[in-house]
Amino acid sequence: MKFNPNARLDTSQVQDRRSSGGGRSGGIGGLPGGKGGLAVGGGGLGLIVVVVVVLFNMFSGGGSGTSGLLGGGSESATFDNAQLESECQTGADANNNDNCTVVAVINSVQSYWAEALAESGTSYSQADTVFFNGSTSTACGTGSTGMGPFYCPADQMVYIDLSFWNELKTTFGANDAPFTQAYVLAHEYGHHVQNLLGTSDRVGTATGAGSGSVRLELQADCYAGVWANHATTVPNASGQVLITEVTNTDLQNAVETAATIGDDYIQTNIAGQQVDSSQFSHGSSAQRQKWLLAGYQSGNPLSCNTFDTGDLG
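Remember, it's a predicted structure, so these values are computed and weren't measured experimentally.

Asker: So what's going on with the environment of Ser86? Residues and values would help.
Answerer: Along the chain, Ser86 turns up in helix α2 (residues 82-87). Using a relative accessible area of 53% as the deciding quantity, one classes Ser86 as exposed. Each C-alpha atom, one on Ser86 and one on Thr11, is 9.6 Å from the other, the two residues being 75 residues apart in sequence.

Below you can see the structure in the form of structure tokens.
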């Protein structure tokens, strides 16, 4: 993946809290959900660590598998973007600085959805991404490093401790290539789109292969693929294309990563358990790959209607 060296980056879409300290400590209650103030994660990589913890709990009889709020509460948090503003000004910076790569991807994903939703008669509202270290306050409770990237519907923000990229590689055996990171972020912004469209309200507390939770996560994967299809044509605010090249290797990196965060892969390779589809909350490896590619191949958000199909793959 390459960025247009002359394109301007917009760091105002990020809140850099890495030097401001964290919020109150808190835990996770049950699986991440998609309604109200519940944090929505990943299966697209967000909240992977949480999923592993919950899987351990469920298989050992320690958890119910029901949705729950993040522990702790919302409180104000300060941020300082001075360093980002200094380092991340153009696409040239995104080609050479990992943090600027993230900024550029955020700009591109949000620019795509603003235009796509406008064409369908829906207004898009910007969702900031929060960089933090250790822990931070959110309107969904306290977010922590171990949760991986996640989206909080209550404050409409994406949260990520950037050390997650290393965790993704060392713990899950996935790659941490730039386009893999883009897939992770695009997935979380897919949850923001679901929140704006009201799709998240269709998710209940049930788990299992055909549950609303699985359908929500697979749709977010599909939305990530849709953005990827358009990535090299998406302009910034001044009309300059941000991303100039997405290669087959880039796409393959994302698809391979999707396989490492499927519920079946996590159950067997991370939790050391047998596959139990009744506990699925994000979809199998094959399903995650299928829907990411479905979005990429169609380039059409309408192809991502996971809620009204009997064939999730």
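Asker: Run through the sheet that holds strand β2 (residues 14-16), naming residues and quoting values.
Answerer: Here four strands make up an open sheet; going across it, the order is β2-β3-β7-β6 and the pairing mixed. Edge positions in the open sheet fall to β2 and β6 (150-152), since each of these has one partner strand only. Strand-to-strand twist across the sheet, computed as the mean angle between neighbouring axes with direction ignored, equals 25 degrees. Where strand β3 (residues 129-131) lies against strand β7 (residues 157-160), three bridges are found, and the strand directions are parallel. Its bridge partner lying in β7, Thr129 is registered against Val158.

Asker: Please give an account of the pairing of β7 that cites residues and values.
Answerer: Burial along β7 is two-sided: the face carrying Met157 and Tyr159 and the face carrying Val158 and Ile160 are both buried. Bridge count for β6 against β7 is three bridges, and the pairing is antiparallel. Bridge pairing in β7 places Phe150 opposite Tyr159.

Asker: Quick one: what's the story with unusual backbone geometry, residue by residue and with numbers?
Answerer: One non-glycine residue, Gln156, lies in positive phi territory at about 55 degrees. Within the element layout of this structure, Gln156 appears in the loop between β6 and β7. With relative accessibility at 26%, the residue Gln156 sits in the partly exposed group.

Asker: Tell me about the pairing of strand β4 (residues 135-138), residues and numbers included.
Answerer: Neither face of β4 is exposed, since Ser135 and Ser137 on one face and Thr136 and Thr138 on the opposite face are all buried. Two strands pair when backbone bridges link them, and β4 and strand β5 (residues 141-144) are joined in this way by four bridges, in the antiparallel orientation. Each residue of the ladder has a partner; that of Thr136, found in β5, is Gly143.

Asker: Give me the packing of helix α6 (residues 178-197) against helix α7 (residues 212-230): which residues, what numbers.
Answerer: Geometrically, a packed helix pair is captured by the angle between its two axes and the distance between the axes. Viewed as axis vectors pointing N to C, α6 and α7 meet at an angle of 115 degrees, and their least axial separation amounts to 7 Å. In the crossing of α6 with α7, the sense of the turn from one axis to the other is right-handed. Touching Phe179, Ala182, Tyr183, Ala186, His187, Gly190, His191, Val193, Gln194 and Leu197 of α6 are Leu216, Glu217, Gln219, Ala220, Asp221, Tyr223, Ala224, Trp227 and Ala228, all from α7. When its residues are assigned to classes, the contact of α6 with α7 shows 12 nonpolar, five polar and two charged.

Asker: How would you sum up the side chain of Gln194? Please name residues and give values.
Answerer: By the element assignment, Gln194 lies in helix α6. In terms of polar contacts, Gln194 uses its side chain to reach the backbone carbonyl oxygen of Leu216, at 2.8 Å. Among residues more than four places away in sequence, those in contact with Gln194 are Thr199, Ser200, Leu216, Gln219, Ala220 and Tyr223.

Asker: An account of the pattern of salt bridges is requested, with residue identities and associated values reported.
Answerer: Applying the stated criterion to the full structure yields five salt bridges. Notably, a salt bridge pairs Glu245 with Lys2, separated by 3.9 Å at the nearest N-O pair. A residue pair is termed long-range when its members are at least 10 positions apart, and Glu245 in strand β8 (residues 243-245) and Lys2 in strand β1 (residues 2-3) qualify at 243 residues. Relative accessible area serves as the criterion here: at 32%, Glu245 is assigned to the partly exposed category.

Asker: Tell me about the state of the cysteines, residues and numbers included.
Answerer: Using the criterion set out here, one finds three disulfides in the structure. Note on cysteine connectivity: Cys140 is disulfide-linked to Cys152, with sulfurs 2.1 Å apart. Between Cys140 and Cys152, the S-S torsion sits near 95 degrees, and that sign places the bridge as right-handed. Residue Cys140 is found in the loop between β4 and β5, and its partner Cys152 is found in strand β6; the two are separated by 12 residues along the sequence. A residue is classified by how much of its surface remains accessible, and Cys140, at 3% relative accessible area, is buried. The class for Cys152 is buried, based on a relative accessible area of 0%. Look at the protein chain and number its bonded cysteines as they come in the sequence; the links are 1-2, 3-4, 5-6.

How each quantity is defined
- Residues numbered from 1 in each chain as written.
- Predicted model: local features only at pLDDT ≥ 70, side-chain atom pairs only at ≥ 80, totals over all residues.
- Heavy atoms only, no water.
- Helix = DSSP H or I, 4+ residues; strand = E, 2+ residues; numbered from the N terminus.
- Buried < 20%, exposed > 50% of the residue type's maximum accessible area, 1.4 Å probe, protein only.
- Pairing = 2+ DSSP bridges.
- Axes fitted to C-alpha atoms, helices over the stretch in contact; angles between N-to-C directions.
- Left-handed = near helix turned anticlockwise from the far one by under 90°.
- Contact = heavy atoms within 4.5 Å.
- Nonpolar A, V, L, I, M, F, W, Y, C, P; charged D, E, K, R; others polar.
- Polar contact = N/O pair within 3.5 Å; in protein donor to acceptor, adjacent residues only side chain to side chain.
- Salt bridge = Lys/Arg side-chain N within 4 Å of Asp/Glu carboxyl O.
- Disulfide = S-S within 2.5 Å.

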